[in-house]
Amino acid sequence: DDDIACYHKYANFINNGNILDLGTGWGKSMIALALSNTTNLVNSCDTGIYPIGQGWAENEFHYENKIKKIIKDFDLPNVNFYRIAAELLINNTMPKIDLLHLDSWVELRNIDSTVFLQKWIDKVGEKGYILMRNYGYGDRQAFTDSVDRATTGLTKLETMGLITIWQK
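Remember, predicted model here, so these are calculated numbers, not experimental data.

Caption draft 1: A look at the overall build of the chain. A tally of regular secondary structure across the chain gives 8 helices and 7 strands. Against the compact-globule benchmark of 15 Å for 168 residues, the chain has a radius of gyration of 15 Å, which places it among compact chains. Along the longest, intermediate and shortest principal axes, the C-alpha atoms of the chain span 40 × 35 × 35 Å. Within the span of the chain, comprising 168 residues, buried residues form 52% of the whole. Expressed as a percentage of contacts within the chain between residues at least 6 apart in sequence, the contacts between residues at least 24 apart total 69%. Carbon together with sulfur atoms contributes 52% to the accessible area of the chain, which is approximately 8100 Å² in total. Separation of charge centres in the chain, based on 17 positive and 21 negative side chains, amounts to 3 Å.

Caption draft 2: Highlighting the packing of helix H7 (residues 114–122) against helix H8 (residues 141–150). Closest axis-to-axis distance for the H7/H8 pair is 8 Å, and the angle between their directions is 45°. Compared by their axis directions, H7 and H8 come out oblique. The two elements H7 and H8 cross, and the hand of that crossing is right-handed. Counted together, Thr 114, Leu 117, Gln 118 and Ile 121 of H7 and Phe 143, Ser 146, Val 147, Arg 149 and Ala 150 of H8 form the full contact between these two elements. Of the residues that constitute the contact of H7 with H8, the class distribution is 5 nonpolar, 3 polar and 1 charged.

Caption draft 3: Quick look at the environment of Trp 105. Mapped onto the secondary structure, Trp 105 falls in the loop between strand S4 (97–103) and helix H6 (106–109). Placed 56 residues apart in sequence, Trp 105 and Ile 49 show a C-alpha to C-alpha distance of 9.7 Å. The residues touching Trp 105, leaving out its near neighbours within four places in the chain, are Leu 22, Gly 23, Ala 86 and Phe 116.

Caption draft 4: Spatial organisation of the state of the cysteines. Going through the model one piece at a time under the given rule, you end up with 0 disulfides. Looking at Cys 45, it has no disulfide partner, and the nearest cysteine sulfur is the one in Cys 6, 19 Å off. Among the residues examined, Cys 45 registers a relative accessible area of 2% and is labelled buried.

Parameters at a glance
Throughout, a residue's number is its position along its own chain's written sequence, starting from 1. The predicted nature of this model means local features are confined to residues of pLDDT at least 70 and side-chain atom pairs, given and counted, to a pLDDT of 80 or more, with totals for whole chains, interfaces and linings taken over all residues. No hydrogens and no water enter the side-chain calculation; it runs on all heavy atoms of the structure. Counting from the N terminus, the helices are DSSP H or I runs at least four residues long and the strands are E runs at least two residues long. To get the radius of gyration, use the C-alpha atoms; to get the globule rule, take the number of residues to the power 0.38 and multiply by 2.2 Å. Relative accessibility decides the category of a residue: with a 1.4 Å probe and only protein chains considered, values under 20% of the type maximum give buried, values over 50% give exposed, and everything between is partly exposed. In this analysis, two residues are considered to be in contact whenever any of their non-hydrogen atoms come within 4.5 Å of each other. In this description, accessible areas are obtained by the Shrake-Rupley approach with a 1.4 Å probe, and a residue is regarded as covered only by the protein chains that are shown. Under this rule, positive means Lys or Arg and negative means Asp or Glu; His and the chain ends count for nothing. Charged side chains are reduced to one point each, which is NZ for Lys, CZ for Arg, CG for Asp and CD for Glu. The axes used here are C-alpha line fits, helices contributing only the stretch in contact, and every angle between their N-to-C directions lies in the interval 0 to 180 degrees. In what follows, roughly perpendicular refers to angles from 65 to 115 degrees, roughly parallel to angles under 35, roughly antiparallel to angles over 145, and oblique to any angle outside these ranges. If you view the pair so one helix is near and one far, a crossing is left-handed when the near helix is turned anticlockwise from the far one by less than a right angle, and right-handed when it is turned clockwise. Classification convention: Asp, Glu, Lys, Arg as charged; Ala, Val, Leu, Ile, Met, Phe, Trp, Tyr, Cys, Pro as nonpolar; all other residues, Gly among them, as polar. Note that a disulfide, as used here, is simply two cysteine sulfur atoms within 2.5 Å.

Next up, the structure:
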């Protein structure tokens, strides 16, 4: 699928880098980014609210255990998973981000999330990549407008599948 090709392409533009995957969901982006270039460290975070709501996991602990099992089953020593909200993770000390992947979630889709997005984009290093999944879809207009405001001055590179990519 085009999303997987996008993750592979951009994860291989950096080596020994720091990737931040906001919105782990069921783990597709986390797995693809980690397997695409094992020299990179992938930090992925999600509270699990949506997968739990969809019946994929019974509760937050079950969700965390399922993601940790995926990490173990795919032998991904280059992945750190955090079952916390992105708003809490931003306050942790984190090295410069070389690639930021953000999969829009329900709480971002219908509000002005410009300030939230800008805080994360500010943590991306010079020449780093910002991958926004589900940008430009009609049912996510507030998210799209927020991304447009937060990426002002960045270079929009392309769209692959459901992901639009900017470079800082």
